[in-house]
Amino acid sequence: LAPRGIIAVHISNRYLDLQPVVERLARQFDLKVLTITEEDSEFWWIYGTTWTLLAREKEVLEKDAFYDRMRAPSERVDAVPLWTDERASLLRILR
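Rules of the game
Every chain is numbered on its own, with residues counted from 1 as its sequence reads. With the structure being a predicted model, the display of local features is reserved for residues of pLDDT at least 70 and the display and counting of side-chain atom pairs for 80 or more, all residues being used for whole-chain, interface and lining totals. Excluded from the side-chain calculations are hydrogens and water; all other atoms, namely the structure's heavy atoms, are used. What counts as a helix is a DSSP run of H or I of at least four residues, what counts as a strand is a run of E of at least two, and both are numbered from the N terminus. Each residue's exposure class comes from its accessible area (1.4 Å probe, protein chains only) as a fraction of the maximum for that residue type: buried when under 20%, exposed when over 50%, partly exposed otherwise. Here a residue-residue contact requires only that any non-hydrogen atoms of the pair lie within 4.5 Å. For salt bridges, the criterion is a side-chain nitrogen of Lys or Arg within 4 Å of an Asp or Glu carboxyl oxygen. N or O atoms within 3.5 Å of each other form a polar contact, as long as, within protein, one can give a hydrogen and the other can take it, and as long as residues adjacent in sequence are counted only when both atoms are side-chain atoms. One bridge is not enough; two strands pair if DSSP finds at least two bridges between them. As a rule, the C-alpha atoms of each element are fitted with a line to give its axis, helices using only the stretch in contact, and angles between N-to-C directions run from 0 to 180 degrees.

Visitor: Just checking my understanding: could you explain the overall build of the protein for this structure?
Guide: A count of helices and strands for the protein gives 3 helices and 4 strands. Listed N to C, the secondary structure of the protein is β-α-β-β-α-α-β in terms of helices and strands. Seen through its principal axes, the protein has C-alpha atoms that stretch 40 × 35 × 20 Å. Residues counted as buried form 33% of the 95 residues belonging to the protein. Considering only contacts within the protein whose residues lie at least 6 apart along the sequence, 66% involve residues at least 24 apart.

What follows is the structure, given as structure tokens:
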């Protein structure tokens, strides 16, 4: 990750709550986290999206455009074990 770079992870999912998974990974690698969301449209076939942004420096994520759509950090981040190649349980993140 470049010093002022951002990793954007698309976590929109109707059935799985991926926010604590990505936040747990960010904590493991000492990255700053900001989750932003776009609400669903008035049309049934258009769904909102949710992205988690990761950066090395907090200042990179401090943009007004991000704060307008910011979502609170997950309360379940401690309940979700760190996902690895050997361990990734969907059971704990079912909605």
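Visitor: Where do I start with the pattern of salt bridges in this structure?
Guide: Should the charged atoms of two oppositely charged side chains come close, the side chains can pair. According to the stated counting rule, one finds 5 salt bridges in the structure shown. Across the salt bridge formed by Arg27 and Asp78, the nearest N and O atoms sit 2.7 Å from each other. Here Arg27 is found in helix H1 (residues 19-28), whereas its partner Asp78 is found in the segment after strand E4 (70-71), with 51 residues between them in sequence. Here Arg27 falls in the partly exposed class, since its relative accessible area comes to 46%. Ionic pairing is found between Asp30 and Lys32, a salt bridge with its closest N-O pair at 3.9 Å.

Visitor: Is there a simple way to think about the environment of Glu57 in this case?
Guide: Following the sequence through the fold, Glu57 ends up in the loop between strand E3 (50-55) and helix H2 (58-61). Glu57 sits in the partly exposed class, given a relative accessible area of 28%. C-alpha of Glu57 to C-alpha of Val21: the two residues are 36 residues apart in sequence and 20 Å apart in space. With residues up to four places along the chain from it excluded, the contact list for Glu57 reads Pro3, Arg4 and Lys32. At 3.1 Å, the side chain of Glu57 and the side chain of Arg4 are in polar contact.

Visitor: Explain the sheet that holds E4 here, please?
Guide: Across a sheet, strands are paired by hydrogen bonds formed along the backbone, either parallel or antiparallel in direction. In space, the 4 strands of this open sheet follow the order E1-E3-E2-E4, with antiparallel pairing throughout. In this open sheet, the two edge strands, each paired with only one partner strand, are strand E1 (6-10) and E4. Inspection of the sheet shows E1 paired to E3 by 5 bridges, in the antiparallel sense. From the neighbouring strand, Ile7 faces E3, where its bridge partner is Leu54. The sheet strands contacting H1 are E1, strand E2 (32-37), E3 and E4, and the helix crosses E2 at an angle near 160°.

Visitor: Looking at this structure, how should I read the pairing of E2?
Guide: Two faces make up the sheet, and in a regular strand the side chains alternate between them. Note that E2 and E3 share 6 bridges and pair antiparallel. Residue Leu34 lies in a different strand from E3, and its bridge partner there is Leu53. Sheet analysis places E2 next to E4, joined by 2 bridges and oriented antiparallel. Bridge pairing in E4 places Ile36 opposite Met70.

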